[in-house]
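Analysis of the macromolecular model
Residue strings, one per chain:
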Amino acid sequence: DAGAALERDHLQRAEKLWQQNQLSGALGELDAALLVLPENTQLQRRRTWYRELIDRRIAGQCQRVVQIVDGRIEADTLNRQA
């Protein structure tokens, strides 16, 4: 089936980009695939999963903690990987 082969090809390319830490490229690959195969649930699920992982990473990098230093409160941004 041509649709299944196209799906597999796009998923493989997206996964390769993701593994190379080219996150926006991976999402772009899935977006391009969904233009051709808009009803494909496998592509939709993978795009949703990647988007959630990116959002978690951003949230983890921007998380703020409050420390008490010399009796006053000081906010410090944690730069850590999610």
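Here the structure is a predicted model, which is why all the values come from computation and not from measurement.

**Some details on the overall build of the protein**
Broken down by element type, the protein carries three helices and two strands. Tracing the protein from N to C terminus, the helices and strands come up as α-α-α-β-β. If you take every contact in the protein between residues at least 6 apart in sequence, the share linking residues at least 24 apart comes to 33%.

**Let's talk about the environment of arginine 8**
Among the secondary structure elements, arginine 8 is positioned in helix α1 (residues 2–19). In sequence terms arginine 8 and glutamine 42 are 34 residues apart; their C-alpha atoms lie 9.6 Å from each other.

**Details of unusual backbone geometry**
Even without being glycine, asparagine 21 reaches a positive phi, approximately 65°. Relative to the elements of secondary structure, asparagine 21 occurs in the loop between α1 and α2 (23–36).

**Quick look at the packing of aromatic side chains**
The description of two aromatic rings rests on the distance between their centres and on the angle between their planes. Scanning the model with the defined rule gives one aromatic pair in all. Ring centres 4.1 Å apart and planes at 5° place the aromatic pair tryptophan 18 and tyrosine 50 in the stacked group. Remark: tyrosine 50 occurs in helix α3 (residues 41–62) and tryptophan 18 occurs in helix α1; sequence separation between them is 32 residues.

About the criteria used
- Residues numbered from 1 in each chain as written.
- Predicted model: local features only at pLDDT ≥ 70, side-chain atom pairs only at ≥ 80, totals over all residues.
- Heavy atoms only, no water.
- Helix = DSSP H or I, 4+ residues; strand = E, 2+ residues; numbered from the N terminus.
- Contact = heavy atoms within 4.5 Å.
- Phe/Tyr/Trp six-rings, centres within 6.5 Å; stacked < 30°, edge-to-face > 60°.

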